[in-house]
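Fold and geometry: a report
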Amino acid sequence: GPDLTAAGQILERGIVQLGGTAQGHVLLRYGTVLLLQGRYHEAIITLQDARDALKSEGDLNRAGSASQSLGFCYANIGLLQQAESCFYEAKELLGNDEQWRPELALAVAAERRGRYDEALQILATVERRFTSAESRMYARSVRANLTASLHDWPQTATLEQEAMER
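So, here is what we can say about the structure in this document. (Residues numbered from 1 in each chain as written. Predicted model: local features only at pLDDT ≥ 70, side-chain atom pairs only at ≥ 80, totals over all residues. Heavy atoms only, no water.)

**Focus: the overall build of the chain**
A count of helical and extended segments in the chain gives 9 helices and 0 strands. Shown N-terminal to C-terminal, the secondary structure of the chain runs as helices and strands in the order α-α-α-α-α-α-α-α-α. A burial count over the chain gives 40% of its 166 residues as buried. For the chain, the exposed surface amounts to about 9000 Å²; the carbon and sulfur share of it is 50%. (Helix = DSSP H or I, 4+ residues; strand = E, 2+ residues; numbered from the N terminus. Buried < 20%, exposed > 50% of the residue type's maximum accessible area, 1.4 Å probe, protein only. Areas by Shrake-Rupley, 256 points an atom, 1.4 Å probe, with all protein chains shown as cover.)

This is the structure:
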């Protein structure tokens, strides 16, 4: 796989050297590396800086991506309310074609908080509104996880198989 440590070191040097309009983009990439490394607290600080820089640069789509990744960080350390806030912000900032990503993240957060009906409603909305192969595959995967949480094992197996086939 990719060498995340080397990538992080390169991006960290780039943050110091660049500044200006490219800084938000580099911070986003570095924050993503930290997230993938499981360094959630460092990633939170970096992604907050990235989101703020990208907003001030007028790059709302990337600011939305930073908010989405920030939400994943919070979810991974158990701060689900903060995660949901980030996912809602990502939904506001991302373009229409990408809004399914924070929507599905909101479904997962609802499931983790035991709000299964809400998670199912969000999934139904995503499946109705978005038709790309990628959004459908992710929606099936989220639905499979949700049905497993509800102990519907036959349906879980079917959904997992469908997600893998597409």
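**Description of the packing of helix 6 (residues 100-112) against helix 8 (residues 133-149)**
The interhelical angle for the contact between helix 6 and helix 8, taken along N-to-C directions, is 5°, at an axis separation of 11 Å. Classed by the angle they form, the pair helix 6 and helix 8 counts as roughly parallel. Counted together, Trp100, Arg101, Leu104, Ala107, Val108 and Glu111 of helix 6 and Glu134, Ser135, Tyr138, Ala139, Val142, Asn145, Leu146 and Ser149 of helix 8 form the full contact between these two elements. Each residue belonging to the contact of helix 6 with helix 8 can be placed in one class, and the counts come to 8 nonpolar, 3 polar and 3 charged. (Axes fitted to C-alpha atoms, helices over the stretch in contact; angles between N-to-C directions. Parallel < 35°, antiparallel > 145°, perpendicular 65-115°, else oblique. Contact = heavy atoms within 4.5 Å. Nonpolar A, V, L, I, M, F, W, Y, C, P; charged D, E, K, R; others polar.)

**Focus: helix 5 (residues 80-93)**
Along its 14 residues, helix 5 runs 20 Å from first to last C-alpha, staying within 8% of the 20 Å computed at 1.5 Å per residue. Buried residues of helix 5: Leu80, Ala83, Glu84, Cys86, Phe87, Ala90 and Leu93, and no others. Buried residues along helix 5 sit in contact with helix 3 (40-57), helix 4 (60-76) and helix 6. (Expected span 1.5 Å × (residues − 1).)

**A closer look at the packing of helix 2 (residues 23-36) against helix 4**
Two numbers describe how helix 2 lies on helix 4: the axes approach to 10 Å, and their chain directions differ by 25°. In terms of orientation, helix 2 lies roughly parallel with respect to helix 4. Here helix 2 and helix 4 pass one another in a crossing that is left-handed. Contacts from His25, Leu28, Thr32 and Leu35 in helix 2 reach Arg62, Ser65, Ala66, Ser69, Phe72, Cys73 and Asn76 in helix 4. Across the contact of helix 2 with helix 4, the residue classes break down as 5 nonpolar, 5 polar and 1 charged. (Left-handed = near helix turned anticlockwise from the far one by under 90°.)

**Quick notes on the pattern of salt bridges**
Throughout the structure, instances matching the rule amount to 13 salt bridges. Between Arg39 and Glu42 there is a salt bridge, with its nearest N and O atoms 2.7 Å apart. On the basis of relative accessibility, which here comes to 32%, the residue Arg39 falls in the partly exposed class. Exposure remark for Glu42: the relative accessible area of 38% places this residue in the partly exposed category. Here Arg115 makes a salt bridge to Glu84, at a shortest N to O gap of 2.6 Å. Linking Arg115 in the loop between helix 6 and helix 7 (116-129) with Glu84 in helix 5, this pair joins segments that are 31 residues apart in sequence. A relative accessible area of 8% means that Glu84 is categorised as buried. In the salt-bridge network here, residues are joined through shared partners; they are Arg51, Asp52, Lys55 and Glu89. (Salt bridge = Lys/Arg side-chain N within 4 Å of Asp/Glu carboxyl O.)

**Topic: the nonpolar core**
Leu104, Leu123 and Val126 are the most contacted members of the largest nonpolar core, which has 35 residues in total. Put simply, the parts of the chain that give this core at least two residues each are helix 2, helix 3, helix 4, helix 5, helix 6, helix 7 and helix 8. Excluding residues within four positions of it along the chain, Leu123 makes contact with Leu104, Ala107, Ala139, Val142, Arg143 and Leu146. (Core = buried A, V, L, I, M, F, W, Y, C linked by side-chain atoms within 4.5 Å.)

**What to know about the environment of Gln81**
Looking at the secondary structure, you find Gln81 in helix 5. Its relative accessible area of 56% is what places Gln81 among the exposed residues.

**Focus on helix 8**
With 17 residues, helix 8 extends 25 Å between its outermost C-alpha atoms, agreeing within 8% with the 24 Å of an ideal straight helix rising 1.5 Å per residue. When we look at burial in helix 8, the residues that qualify are Ser135, Ala139, Arg140, Val142, Arg143, Ala144, Leu146 and Thr147. Where helix 8 is buried, its residues touch helix 6, helix 7 and helix 9 (153-165). In the segment just after helix 8, His151 is the residue with positive phi, at about 65°.

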